[in-house]
Structures are given as structure tokens and as C-alpha cells.
Amino acid sequence: MSVELQTHPAKTVQLRTSIIMPAYNEEGRISARLQSLVSYFDEALGKAYELLVVMDGCTDRTAQMVSQLAKDNCNIVAVSFPMRLGKGGALIEAFKIAKGDILLLTDADDSIRPQELLRLAKEMENCDFVVGSRYAKGSRLLVREPFLRFFLGRAFNTITKLLFWRMRGINDTQCGCKAIKKSVVEKIRNDLFITGFAIDVNLIYSAMRCGFKVKEVGVAWMHVEKGSKVSGALMKLVLGMFFSLVKLRLYYSRLRCTLSTMPMKALSSFLWNLTKA
């Protein structure tokens, strides 16, 4: 797999935090998002962090824009993959190169303010994995999402709880705001295989299965419609996410071997090509 990594070899500060942001064709909003994050974390953490932007087969100017920003700020690390990996695939690759002890996961939109990410990191003193939530106690919805997205999201969460009983206390797997210890990722790395948007369920459930303490924390969140890849392909993405749940359930069962059969591989490939957005 060909990958372009732009970093700053002279940087010798011991990193405490890695902020990881997958990005696909985000030229319309990536600059503002990165500048917002850098402005806040430069003041809050100084040089003891890296902002890892994983560009996932971008066909617009996202890669060039991030590369230019990385030249101007040594905390930004631009990683570009020429082929589509999916959100999950991009995160799995990012985990391999992230240097921080704590990994903060965020999206390329501005739905979560930088302050919320840092607050999640501070919540990790007594747990291993903090899941930001739009529906937990203390959460605030500054701008609500359209009803159909809300309804499908709640249906997805209900089915997730039915299939994975350990996750019955998690009310929101899909909010783009999470903090996880690098040691947890290293422990569950071989169990991470969902390449689409359901990677969040894969992460949370695999961590729980290994006995790590997972905590859900309410966050302030706003829906951002401009540039959204989800709204434009909502039904296709939901189909892919539900299929990912089935695959994950099979993986953690006596039927795991079915995942390696030719029919399952063919179906997975078909749905990936159909639902990637």
C-alpha cells in the first residue's frame, strides 16, 4: 500500500496526545477545522501533541491543503492514502503510526469544539476509553440533526445493544468525539477490521471484551450539514453499517469462520463498493 507521510523529524518532544482525524474530500472545511484545533491545542498542550490527519483516497485539494498547513505547523502530521480505506480503515492505519499515549478521535467537521476533546482526555484518569455522547447525562445539542438521521441513529443504537449486550450502557457509539489509551488500541489491534463508519462499535466492543473500562460522557455537539458526506448517502451508509454489525457479531461467535468464506467476502466487497461515501 502506497502512503505519503509528511512529518517533522526534528521534533523530539515526548508526545502525550495524538489527535486523529480521518478526512475524505474535505477541501471546503478542513482548513478552518485544523486552524481551530491547532489554535486551541497549541495553547493548551504546547508541543506535547500531534494532529494526525489521515486523508482517505481524497480526489479534491484536501491533501494539498493539509500538506501546506503541516509545513507551517510542526504539530500537524499529514498522512495521505491514494485509495479509499473508509473511516475505519483510515483509523486503523492511523493507530499504527500515532505516537501519543492518549488518542483523541475527531471528525473533519466542526460539530465538536476542541475544548470537548480535551475534557474527554481529562476524564481518562479512572478509565481506559471515554466515549463522547450526544445522549448521555450532561450532553447538549446545540444544533439538532435532521429527524431522519436522528431516527436511523437511534435505531442503529438499539440494534447494537441487542446484538452486543455489553454495550447496553452506551447510548451513542457514533459521536465523533472519543479518547482512548494507546495501550488499549495495541491490545485490541488484531480485532479491528470494520473499515466503515461502524468502526466505533468495533472499537468499543473489542475494548469491553478485553476487560478495559469504558465510560460514556455527555458532550456539547452541533450538527453541521455543510460538506456532510453522511447526509448525501444516508441510506447506503446505514445499510453498510448494519451489515458491519452482523460481521462483528459473527466475529465474536462460533461462526467466525464464515467471514472467510468466498460468499461472505464477495458480499462484503459488493456492499463496500455500494455504500462507501
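Residues numbered from 1 in each chain as written. Predicted model: local features only at pLDDT ≥ 70, side-chain atom pairs only at ≥ 80, totals over all residues. Heavy atoms only, no water.

**Some remarks on the nonpolar core**
Next, step 1: Of all hydrophobic cores here, the largest spans 46 residues; its most connected members are Ile-20, Phe-95 and Leu-203.
Next, step 2: Counting residues per element, this core draws most heavily on helix α7 (residues 199-209), at seven residues.
Next, step 3: Leu-203 has contacts with Phe-95, Leu-105, Phe-129, Ile-180, Ile-188 and Leu-192, leaving out every residue within four places of it along the chain.
Next, step 4: By size, the runner-up hydrophobic cluster in this structure holds 36 residues, among which are Ala-70, Ala-121, Met-124 and Cys-175. (Core = buried A, V, L, I, M, F, W, Y, C linked by side-chain atoms within 4.5 Å. Buried < 20%, exposed > 50% of the residue type's maximum accessible area, 1.4 Å probe, protein only. Helix = DSSP H or I, 4+ residues; strand = E, 2+ residues; numbered from the N terminus. Contact = heavy atoms within 4.5 Å.)

**What about the packing of aromatic side chains?**
Aromatic rings in a pair are described by how distant their centres are and how their planes are angled relative to each other.
Next, step 1: Across all of its chains, the model carries nine aromatic pairs by this definition.
Next, step 2: With a centroid separation of 5.3 Å and 90 degrees between ring planes, the pair formed by Tyr-40 and Phe-41 is classed as edge-to-face.
Next, step 3: Note on Tyr-40: relative accessible area 25%, which makes it partly exposed.
Next, step 4: Taking relative accessible area as the criterion, Phe-41 reaches 0% and is therefore assigned buried.
Next, step 5: Judged by centre distance (4.9 Å) and plane angle (40 degrees), the ring pair of Phe-193 and Tyr-251 falls under tilted. Highlighted residues: Phe-193 in the loop between α6 (182-188) and α7 and Tyr-251 in helix α8 (residues 234-251), separated in sequence by 58 residues.
Next, step 6: Under the relative-accessibility criterion, Tyr-251 is labelled buried at 12%.
Next, step 7: Ring pairing ties together the aromatic residues Phe-164, Phe-193, Tyr-205, Tyr-251 and Tyr-252, which thus form one cluster. (Phe/Tyr/Trp six-rings, centres within 6.5 Å; stacked < 30°, edge-to-face > 60°.)

**Notes on a nonpolar patch on the surface**
Next, step 1: Residues Phe-147, Leu-148, Phe-150, Phe-151 and Met-235 make up a contiguous nonpolar surface patch of about 550 Å² in total accessible area.
Next, step 2: It is helix α5 (residues 147-163) that contributes the most residues to the nonpolar patch, four residues altogether.
Next, step 3: Note on placement: Phe-147 falls in helix α5. (Patch = residues over 30% accessible without salt bridge, like charges linked within 9 Å, V, L, I, M, F, W, Y side chains within 5 Å. Areas by Shrake-Rupley, 256 points an atom, 1.4 Å probe, with all protein chains shown as cover. Salt bridge = Lys/Arg side-chain N within 4 Å of Asp/Glu carboxyl O.)

**Here we look at the pattern of salt bridges**
Next, step 1: Considering all chains together, one arrives at 16 salt bridges under this definition.
Next, step 2: In this structure, Asp-110 and Arg-33 form a salt bridge, with 3.0 Å as the shortest nitrogen-oxygen distance. In this pair, Asp-110 is assigned in the loop between β5 (102-106) and α4 (114-122) and Arg-33 in helix α1 (residues 30-45), connecting sequence segments 77 residues apart.
Next, step 3: For Asp-110, a relative accessible area of 26% translates into the label partly exposed.
Next, step 4: Residue Arg-33 is classed as buried on the basis of its relative accessible area, which comes to 1%.
Next, step 5: Note that Arg-84 is salt-bridged to Asp-56, the shortest N-O span being 3.2 Å. You can see Arg-84 sitting in the loop between β4 (76-81) and α3 (86-97) and its partner Asp-56 sitting in strand β3 (residues 49-56), a full 28 residues away along the chain.
Next, step 6: The network of salt bridges with shared partners includes Lys-87, Asp-107, Lys-178 and Asp-200.

**Topic: the state of the cysteines**
Next, step 1: If you walk through the whole model with that rule in mind, you get zero disulfides.
Next, step 2: Cysteine Cys-127 shares no disulfide, and the gap to the nearest cysteine sulfur, in Cys-177, comes to 13 Å.
Next, step 3: Classification of Cys-127 as buried rests on a relative accessible area of 3%.
Next, step 4: Note on Cys-177: relative accessible area 1%, which makes it buried. (Disulfide = S-S within 2.5 Å.)

**Describing the environment of Gln-35**
Next, step 1: Its place among the elements puts Gln-35 in helix α1.
Next, step 2: We classify Gln-35 as partly exposed; its relative accessible area is 47%.
Next, step 3: When the C-alpha positions of Gln-35 and Leu-69 are compared, they lie 8.6 Å apart, and in sequence the two are 34 residues distant.

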